[in-house]
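Chain by chain, the residues:
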Amino acid sequence: APSSESTSLVTCPDGNRVHHRACCPLFALREDLQRNLEEGQVFPGGGADGSMLVFPDVEPNFPANLGISDSVEALLPFLSSHPEISAGDLIQFAGAVGISNCPGAPRLQFLLGRPNATAPAPEGLIPEPQDTVTSILARMSDGGNFSPDEVIALLASHSIARSDHVDPTIRAVPFDSTPFTFDTQIFLEVLLKGVGFPGIPGNLGEVESPLPIGEGLNVGEMRLQSDFALARDPRTACTWQGFVNEQEKMSIAFQAAMAKLAIIGQDATHFVDCSEVVPIPVFSVNKPATFPATKTCADIQQACLSFPFPSLASDPGATETIIPHCIATDLACLAAEYQGGSNGDS
Ligand code: HEM
Ligand SMILES: [Ca+2]
């Protein structure tokens, strides 16, 4: 277990109080990250949520994107202004801070102590969307000792994720209708019958989505072939369905699997638990999962035969949901959209 110096508090040079002195530099880093995350510019692709930092390996492993990801690159300035934090710790901490801004997200554990030279996670852990369930489960098992249930729990992250590279004609394409909220809509919506593509058809790793209709920068929903397959495979279908409308269960399972993910390839024995510096997520999600407007349980392709599908209401409206590109509080994003331009939040 990671060491905790004592049960008493120490006072940091900046006046913050914390259980372990090693955590002191994280207060300034947290403030710096929060200020710049809010601008929505430092983190291309993620806007204000910072979700892409939860697992920065996603993009570097995607063949369309050579080299390090935009999100990791965006952290480089923080590395130079906070030299006492290692790159690996910075990436993990920024992910924990970023996700705390998403309504519904759990407070992630943060252990400090990754040595400077090591990568945050072994390369090639994250599979590609065109991979089979067998290969995805095998890779996640080999690379991180993740069970199939844990893999599904980690995919709650796709509730706050958008794609920049799967379809070359559209950017920031969300995987569920609430890309700024860490909710269970992803588990519901991936089970809906696919009806079309938000951009062009024929992209590797993409299958038909239930909500393909867009409007300008509001590009419509995308479905990854891997999410489709994991939601319907007998090995994972019941775990998948079991998260539908189960916010608390999903959030706790995600938190636990993320704690494991965060220390893959690390000897965490001497890491220091600095979780108390991770912001407590401010907003919870109390709204039950709902079928997007025009959809009902008749559109569900149920693959788990052991449990009945939860009974859920449909959002009102006679036309298909248009998913907003901008979060309602991001005035810069809204202004750019109003002017018809791109705000760089690609
Ligand atoms: C199980 C296999 C997985 C596959 C096949 C997969 C695939 C993908 C793909 C293709 C994208 C879109 C990338 C782009 O076009 O820009 C994506 C985005 C994302 N995924 Fe996954 N993923 C998997 C698991 C995970 C896991 C375990 C996590 C985190 C715990 C995760 C978190 C994310 C995030 C945060 C994004 C958004 C990235 C951004 O906004 O730039 N994914 N994923
Ligand atoms: Ca969501």
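Please read all numbers here as calculations on a predicted model, not as lab measurements.

Analysis parameters
Residues numbered from 1 in each chain as written. Chains lettered and ligands numbered in written order. Predicted model: local features only at pLDDT ≥ 70, side-chain atom pairs only at ≥ 80, totals over all residues. Helix = DSSP H or I, 4+ residues; strand = E, 2+ residues; numbered from the N terminus. Buried ≥ 20, exposed ≤ 12 C-beta atoms within 10 Å, placed from the backbone. Contact = placed C-beta atoms within 7 Å. Core = buried A, V, L, I, M, F, W, Y, C linked by C-beta atoms within 7 Å. Domains from an automatic or database assignment. UniProt positions renumbered as here; feature names shortened; annotations may be inferred. Arc of directions from axis to C-beta. pLDDT = per-residue confidence, 0-100.

### Some remarks on the overall build of the protein
Then step 1. When you go through the protein residue by residue, the secondary structure sums to 11 helices and eight strands.
Then step 2. For the protein, with 346 residues in total, the buried portion stands at 45%.
Then step 3. Excluding contacts between residues fewer than 6 apart, the proportion of contacts in the protein whose partners are at least 24 apart in sequence is 67%.

### Description of the nonpolar core
Note that soluble globular proteins tend to have their nonpolar side chains buried in a common cluster.
Then step 1. Of all hydrophobic cores here, the largest spans 68 residues; its most connected members are F93, F110, V151, L154, A156, F254 and A257.
Then step 2. When residues of this core are assigned to their parent elements, the largest contribution, seven residues, is made by helix 4 (residues 87-100).
Then step 3. For this core, the domains that each give at least three residues are domain 1 (10-125 + 264-277) and domain 2 (133-247 + 286-331).
Then step 4. If near-sequence neighbours (up to four positions away) are discounted, A257 is found in contact with F146, E150, A153 and L154.

### Looking at the UniProt feature "binding site: Ca(2+) 2" (unreviewed entry) in the protein
Then step 1. Look at the UniProt record and you will see "binding site: Ca(2+) 2" (unreviewed entry) annotated at S159, D176, T178 and D183. These annotated residues cover 25 residues of sequence, but their C-alpha atoms sit close together, with the largest distance between any two at 9.4 Å.
Then step 2. The residue D176 is located in the loop between strand 5 (173-174) and helix 7 (185-189) in this model.
Then step 3. Dropping the residues within four chain positions of it, D176 is found in contact with S159, Q185, I186, E189 and E221.
Then step 4. Secondary-structure assignment places D183 in the loop between strand 5 and helix 7.

### Notes on helix 8 (residues 225-232)
Then step 1. By the burial criterion, the buried members of helix 8 are S226, D227, L230 and A231. All buried residues of helix 8 lie within an arc of 130 degrees about the axis, which places them on one face of the element.
Then step 2. Contacts made by the buried residues of helix 8 are with helix 5 (133-144), helix 6 (148-154), strand 7 (223-224) and helix 9 (237-242).

### A few points about the environment of R114
Then step 1. Structurally, the position occupied by R114 is in the loop between strand 3 (111-112) and helix 5.
Then step 2. Between the alpha carbons of R114 and Q130 there is a distance of 32 Å; along the sequence they are 16 residues apart.
Then step 3. Once residues lying within four places of it in the same chain are set aside, the contact partners of R114 are S86, G88, D89 and Q266.

### A word on the UniProt feature "binding site: heme b" (unreviewed entry) in the protein
Then step 1. In this structure's numbering, the residues bearing the UniProt feature "binding site: heme b" (unreviewed entry) are H158.
Then step 2. Mapped onto the fold, H158 is located in the loop between helix 6 and strand 4 (162-163).

### Remarks on the environment of T269
Then step 1. Within the fold, T269 resides in the loop between helix 10 (247-261) and strand 8 (272-273).
Then step 2. By the C-beta count within 10 Å, which is 9 here, T269 ends up exposed.
Then step 3. In this structure the C-alpha to C-alpha distance between T269 and G113, which are 156 residues apart in sequence, comes to 9.5 Å.

### Observations regarding the environment of L155
Then step 1. Locating L155 in the fold gives a position in the loop between helix 6 and strand 4.
Then step 2. For the pair L155 and S284, spaced 129 residues apart in sequence, the C-alpha separation works out to 19 Å.
Then step 3. Aside from chain neighbours lying at most four places away, what touches L155 is D227 and L230.

### Notes on the confidence of the model for the protein
Then step 1. For the protein, per-residue confidence averages 87 on the pLDDT scale, and residues scoring 70 or more make up 84% of the total.
Then step 2. Within the model, the stretch residues 39-68 combines pLDDT values under 50 with 89 contacts to residues more than four positions away or in other chains.
Then step 3. A low-confidence stretch, residues 342-346 (pLDDT under 50), is modelled with 16 contacts involving residues beyond four sequence positions or located in other chains.

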